[in-house]
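Residues per chain are reported as follows:
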Amino acid sequence: MIPELGTFALILALLLAIAQSFFGLVGAHLNRQSWMAAVTPTVAGVWVFIALAFGLLTSSFIVNDFTVLYVATNSNSALPLMYRIAAVWGAHEGSLLLWVMILATWALLVAGFSKSLPVAFRARVLGVLGLVGVGFIGFTLFTSSPFARLIPAAQDGADLNPLLQDPALAIHPPMLYMGYVGTAVAFAFAVAAMLSGKLDASWARWTRPWTVAAWMCLTCGIALGSWWAYYVLGWGGWWFWDPVENASFMPWLTTTALIHSLAVTEKRGLFKSWTLLLAIFAFSLSLLGTFLVRSGVLVSVHSFASDPSRGMFILGLLLFFIVGSLTLYAIRAPSLKSEGGFAIVSRESFLLLNNALLVAAAGLILAGELWPLLMDAFDLGKISVGPPYFNLVFLVPALPLVMLLGVGMHASWKRALLETRRKQLLIAAGGAIVVALVLLGIYRSIGAPLTVVGFAAGFFVMASALIEPVSRWRSGQSMPRAALGMAIAHFGVGLFVIGVTGVVSYKVEKDVSLAPGESTAIAGYEFKYLGAKPVTGPNYEAIEARVLVTRGGKPVVDLPTQKRVYRVQRNPMTHAGIDVAWNRDLFVALGDDLGQGKWSMRVQYKPLVRYIWLGALIAAIGGLVAILDRRYRSVRVTESPALKPGAAGETA
């Protein structure tokens, strides 16, 4: 009965999503109050039936119901309970149902927390979200149902992909999807604003907290994926410019630009075109990422499916929303002229440059992502675009972006009055250079050519982010949470830059073959192979090697590392041994059995690598603090008055 109930629940959700989009969009257009009032109940109904379907699928995994094809394909009776639950979104059909579940949750949150908005505007926002829901619920039902029957039932399941049997993968996809799907909310607000024709500063204020929330989730999701790749895949890298990694990074870049553009539109009523287009592009890139992951056009450990027919369905949705929204934008473009201006050096100019650099970075990554596909599609040959290309082209916009960040956050609106902060900025810059040089001395190496630039830029951004909070704290003044959140987020960005600079410049990697009692040395640490023994896990067999790490003859850590073979899929997996300290990671990954007791191993020294993920976490916390600003909780939001020339106002 579970598959039939799940399918029926999805059918009811689809019908209600159609009603949601109709009552929201048509009701607002015709000004039918009763229709607009019906939108919220339909949003709740969609959520209830999607949640029911999701709960039924989850229960099928928990009880090992192998009459469900999706369960039989992606689970096993020996699979631990946590991974049986995580297996719900471990493949295409279930992950798509999770996508729809999160979309319904976003719509429910918007319906619940946007009651202070004008009725017609709110109805349009929910109507657009309903339209997105129609597309993806229909996609789930007609091409990717997770409730297909398997007759006769399998005796046992084919097991979950061993790569996904990890705690981080229980959290990473839901968090990443919260960010992916959250871009639909900003898109819905932008389309609603264009439909209403009221493109003043108010809609930017209404949109901004939702955009920050989506950005925060996307930041955490990408960071979790990077962390998982670091310790699960066994190669010790934190970012490989994998095509699917790029598919999530591009929406992050455009959403970051959107947040800053919304700040200008809210404060000054400027950058309206930028803001609308960025909302469209952020959502479009999320859909593009969904297409790339599920169409089979890319090869990646992150890919979910390889069915071209499913890819064509998503491509159709992508074209519908892009063409429709851009057509609407073209119609409204003549009314997007903004009154007022700003000096060449001002907060607006810094934010404009910020947006240009972020969009350029996303465009360069998109070009590297699509160019091999286009070459292959037109029979122009096969090319491979990898890390060397992305490292180079991303550095071009990223380097000036980071260097300008520390100054731009202190500029005033209309014209930059930096005199009041000039002394603090000079001290911050000088201190950053000194600390960078000290780090070079500690590591006893100049490192890569841009090492000192990276360290100095990172420390400067961190120090600059602290100027305003420390100044207000010393004077006994309170700081708006939006401004405090901005400072925290920028501090996290600076810390991230330091982590990247340290690990790229001073990492040491070495592939060796060791017999028991033999050792190798890197970065002043000696790694001695003690021996190996067989161990048994809940659904795998493994060989566990132990490596004693010493420094100067003194023991540092005894690291275990495993080579696992899962009983069903028989895929060998490396479980790395990692020792964490405040300034470095020591990493050991067991390779292949070379015979006569010898094993190949990869040993690595990763300085400052943890600050990559800590910086991302701090940046996300900054977004959370910004969302809690009281102006986003006001009873009725009105358009911001124009600021006086030179007034800094509330920081972005």
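What counts, and where the lines are drawn
- Residues numbered from 1 in each chain as written.
- Predicted model: local features only at pLDDT ≥ 70, side-chain atom pairs only at ≥ 80, totals over all residues.
- Heavy atoms only, no water.
- Phe/Tyr/Trp six-rings, centres within 6.5 Å; stacked < 30°, edge-to-face > 60°.
- Lys NZ or Arg CZ within 6 Å of the ring centre and 35° of its normal.
- Helix = DSSP H or I, 4+ residues; strand = E, 2+ residues; numbered from the N terminus.
- Expected span 1.5 Å × (residues − 1).
- Buried < 20%, exposed > 50% of the residue type's maximum accessible area, 1.4 Å probe, protein only.
- Axes fitted to C-alpha atoms, helices over the stretch in contact; angles between N-to-C directions.
- Parallel < 35°, antiparallel > 145°, perpendicular 65-115°, else oblique.
- Left-handed = near helix turned anticlockwise from the far one by under 90°.
- Contact = heavy atoms within 4.5 Å.
- Nonpolar A, V, L, I, M, F, W, Y, C, P; charged D, E, K, R; others polar.
- Patch = residues over 30% accessible without salt bridge, like charges linked within 9 Å, V, L, I, M, F, W, Y side chains within 5 Å.
- Areas by Shrake-Rupley, 256 points an atom, 1.4 Å probe, with all protein chains shown as cover.
- Salt bridge = Lys/Arg side-chain N within 4 Å of Asp/Glu carboxyl O.
- Pairing = 2+ DSSP bridges.
- Disulfide = S-S within 2.5 Å.
- Core = buried A, V, L, I, M, F, W, Y, C linked by side-chain atoms within 4.5 Å.

## Here we look at the packing of aromatic side chains
For any pair of aromatic rings, the description rests on two quantities: the centre-to-centre distance and the angle between the ring planes. By the definition in use, this model includes 32 aromatic pairs. In this structure an aromatic cluster arises from ring pairing among Trp215, Trp239, Trp241, Phe249, Trp252, Tyr389, Phe390 and Phe394. In this structure, Arg32 is placed above the aromatic ring of Trp35, and the distance from its NZ or CZ to the ring centre is 4.8 Å. For the cation-ring pair, Arg551 lies above Tyr525, with the distance from its terminal atom to the ring centre recorded as 4.6 Å.

## Things to note about helix α6 (residues 92-113)
Taking 1.5 Å per residue, 22 residues should reach 32 Å; α6 reaches 31 Å between its end C-alpha atoms and fits that length. Here α6 lies mainly inside the structure; 17 of its 22 residues are buried.

## Looking at the packing of helix α7 (residues 119-143) against helix α8 (residues 167-196)
Between α7 and α8, the least distance of the axes is 8 Å, while the angle of their chain directions is 130°. Taken together, the axes of α7 and α8 lie oblique to each other. Once α7 is placed against α8, the crossing between them reads as right-handed. Across the interface between the two elements, Phe121, Arg124, Val125, Val128 and Leu129 of α7 pack against Ala184, Val185, Phe187, Ala188, Phe189, Val191, Ala192, Ala193, Leu195 and Ser196 of α8. Along the lines of polarity and charge, the residues of the contact of α7 with α8 split into 13 nonpolar, one polar and one charged.

## Considering a nonpolar patch on the surface
Where nonpolar side chains cluster on the molecular surface, the patch consists of Trp371, Leu374, Phe378, Leu380 and Ile383 and spans about 550 Å² of accessible area. Along the chain, the position of Leu380 falls in the loop between α13 (347-377) and α14 (387-408).

## Things to note about the sheet that holds strand β2 (residues 519-522)
Read across the sheet, five strands follow the order β2-β3-β4-β5-β6 without closing on themselves; strand pairing throughout is antiparallel. The sheet is open, and its two edges are formed by β2 and β6 (572-575), each paired on a single side. Strand-to-strand twist of the sheet, defined as the mean angle between neighbouring strand axes without regard to direction, takes the value 25°. Sheet topology places strand β3 (residues 525-536) next to strand β4 (residues 540-551); 10 bridges connect them, and they run antiparallel. Residue pairing for β4: Thr536 is matched across the bridge by Glu541.

## Comments concerning the state of the cysteines
Here the structure, examined in full by the defined rule, presents zero disulfides. The thiol sulfur of Cys217 is not disulfide-bonded, and the nearest other cysteine sulfur, from Cys220, lies at 6.8 Å. For Cys217, a relative accessible area of 10% gives the class buried. Relative accessible area serves as the criterion here: at 19%, Cys220 is assigned to the buried category.

## What to know about the pairing of strand β5 (residues 554-566)
Taken together, the 12 bridges between β4 and β5 define a ladder with antiparallel strand orientation. Its bridge partner being in β5, Val547 is matched across the sheet by Leu559. Taking the residues that link successive antiparallel strands as the turn, the β4-β5 hairpin has two residues, and the phi of Gly552 there is positive, at about 60°. Bridge count between β5 and β6: four bridges; the pairing is antiparallel. The residue of β6 that forms the bridge with Arg564 is Met573. Connecting the antiparallel pair β5 and β6 is a turn made up of five residues, with Arg570 showing a positive phi of about 60°.

## Brief notes about the nonpolar core
In terms of nonpolar packing, the biggest core is built from 144 residues, with Ile50, Phe121, Leu129, Phe136, Ile137, Phe189 and Trp203 touching the most fellow members. Contact partners of Leu129, with chain neighbours within four places excluded, come to Gln20, Leu103, Ala107, Val110, Ala184, Val185 and Ala188. One finds Phe455, Leu495, Ile498 and Val512 within the second-largest nonpolar core, a separate group that totals 31 residues.

## A word on the packing of α14 against helix α16 (residues 451-475)
Two elements in contact, α14 and α16, have axes whose closest approach is 8 Å; the angle formed by their N-to-C orientations is 30°. Comparing their axes, α16 and α14 come out roughly parallel. Handedness of the α14/α16 crossing: left-handed. Contacts between α14 and α16 involve Leu399, Val402, Met403, Leu405, Gly406 and Val407 from the first element and Val453, Ala457, Phe460, Val461 and Ser464 from the second. In terms of residue class, the contact of α14 with α16 is made up of nine nonpolar, two polar and no charged.

What is shown is where atoms sit, not what they do.
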